[in-house]
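Topology and contacts: notes
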Amino acid sequence: MRATFQEESFIEKCLNRIFQGLSFMGIELELGRVKEIVEVERIENYKLPLLMFLLEDDTLLHMEIMNDEIKPDLQSMLTYDMSIVLRYRMQVKTFILNFGNAQNGERDKCFGSVRYEAQIVDLSGIDAGKVYEELSQKISSGYLLNERDKLNLVFLAFMQHYLPFNEVLLKVMSLIEKIKDEEERMAYLTVISEIVSKLTGKQGVKVLKEWMMDSEVWVSIKDEGIKEGMRNSLLIILLHKFDSLSDYLHHAIINQQNESILMDWIRKASSINTIDELEKMVFNIE
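Residues numbered from 1 in each chain as written. Predicted model: local features only at pLDDT ≥ 70, side-chain atom pairs only at ≥ 80, totals over all residues. Heavy atoms only, no water.

A few words now on the packing of aromatic side chains. This structure, assessed with the given rule, holds five aromatic pairs. Ring centres 6.0 Å apart and planes at 35 degrees place the aromatic pair Tyr248 and Phe283 in the tilted group. Of this pair, Tyr248 sits in helix H9 (residues 247-254) while Phe283 sits in the segment after helix H11 (275-282), and the two are 35 residues apart along the sequence. Among the aromatic residues, those joined into a ring-pair cluster are Phe19, Phe24 and Phe53. Sitting over the ring of Tyr132, Lys171 keeps its end group 4.3 Å from the ring centre. (Phe/Tyr/Trp six-rings, centres within 6.5 Å; stacked < 30°, edge-to-face > 60°. Helix = DSSP H or I, 4+ residues; strand = E, 2+ residues; numbered from the N terminus. Lys NZ or Arg CZ within 6 Å of the ring centre and 35° of its normal.)

Next comes the structure, spelled out in structure tokens:
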């Protein structure tokens, strides 16, 4: 899971804005509320978990999605679940949200002597058209979304529709653009883009790129992503040099919003040899 010195990433912030404090009672899962999103370390050759949450009872919730086109990768799911259990001694509850044809019970597979099971939550009966209309009305009227609304909005593109996935995804992204709160709008767009890219690969990414070309809000997301990448690169260089940074230096770096200044700091970082030199650079001390 994420190393302690790393600042919460832009995508993590967006995921936490949408999911933090949320319960899953709306889809009949009797689980604790979400404390925060968990970002796991990538294991080579295995697909990253779709969503991993730390719940209020300090257990982990691993959540995947399936429909008639998307199938879960059980071997990758097992690999990450067992890695967490063995390394961190934490309980992992794994659920697959099914929006395709009706499924019951569990999805399981044997790997030699190991049998892996994940609980299926059958959501095939949801009327996607009705959900879209209800969300559209609420968003257009500026009403606050309840917990079930939030889940529906995040997963709307994967429900059963009479339209092809590409058209549905564009409708969902256009719907989200109508959200009046800018930070909320950006969070949903980022979260859904992240989920789509993980689940659909090139197909979803192509649709997202087409949508981005005409979307003003994506410029804000892209710019924030660029600055985040620059800040993270600078921190990696400095932590390699100095092992640790003071809170005030770390705070000054992660809160720097000017791309030109960040680029200048990255260029100068290789020639900095002491913390005093670093402080002079960051705080513009002559």
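To continue, consider the environment of Met66. Of note, Met66 is situated in strand E3 (residues 60-66). Setting aside its immediate chain neighbours within four residues, Met66 contacts Pro72, Ile96, Leu97, Asn98, Phe99, Gly100, Gln103 and Arg107. (Contact = heavy atoms within 4.5 Å.)

Another aspect to go through is the nonpolar core. Phe19, Phe24, Leu51, Phe53 and Phe158 are the most contacted members of the largest nonpolar core, which has 59 residues in total. Not counting residues up to four positions away in its chain, the partners in contact with Phe24 are Leu29, Leu31, Val34, Phe53, Leu61, Met63 and Leu151. Core analysis: the next-biggest nonpolar cluster, separate from the first, contains 18 residues, Leu235, Leu238, Phe242 and Ile253 among them. (Core = buried A, V, L, I, M, F, W, Y, C linked by side-chain atoms within 4.5 Å. Buried < 20%, exposed > 50% of the residue type's maximum accessible area, 1.4 Å probe, protein only.)

Given a rise of 1.5 Å per residue, twelve residues ought to cover 16 Å, and the 16 Å separating the end C-alpha atoms of helix H5 (residues 165-176) matches this to within 8%. Every buried residue of H5 is listed here: Phe165, Val168, Leu169, Val172, Met173, Leu175 and Ile176. The buried residues of H5 occupy one face: seen down the axis, they fall within an arc of 155 degrees. (Expected span 1.5 Å × (residues − 1). Arc of directions from axis to C-beta.)

Here the structure, examined in full by the defined rule, presents two cavities of 30 Å³ or more. Volume-wise, the largest cavity comes out at about 70 Å³. As for the largest cavity, its lining consists of Lys47, Leu48, Pro49, His62, Glu64, Pro72, Asp73, Ser76, Met77 and Tyr80. Secondary structure elements with two or more residues in the lining of the largest cavity: E3 and helix H2 (74-88). Ranked by the residues each element gives to the lining of the largest cavity, the list is headed by H2, at three residues. Its residues assigned to classes, the lining of the largest cavity comprises five nonpolar, two polar and three charged. Roughly 40 Å³ of internal volume is contained in the second largest cavity. (1 Å grid on protein atoms, 1.4 Å probe; cavity = no way out; pocket = protein on both sides within 12 Å on 5 of 7 lines; lining within 4 Å. Points joined across faces, edges and corners; volume = space filled by probe spheres on them. Nonpolar A, V, L, I, M, F, W, Y, C, P; charged D, E, K, R; others polar.)

What follows is about the confidence of the model for the protein chain. The predicted model of the protein chain averages 85 in pLDDT, with 87% of residues at 70 or higher. Overall, residues 2-6 carries pLDDT values under 50, and its contacts beyond four positions in sequence, including any with other chains, amount to six contacts. (pLDDT = per-residue confidence, 0-100.)

Its identity as a non-glycine residue notwithstanding, Glu28 has a phi of 60 degrees, on the positive side. Inspection of the secondary structure puts Glu28 in the loop between helix H1 (10-19) and strand E1 (34-37). Positive phi, normally seen in glycine, also occurs at Asn45, with a value near 75 degrees. Along the polypeptide, Asn45 turns up in the loop between E1 and strand E2 (51-55). Given the relative accessible area of 73%, Asn45 is considered exposed.

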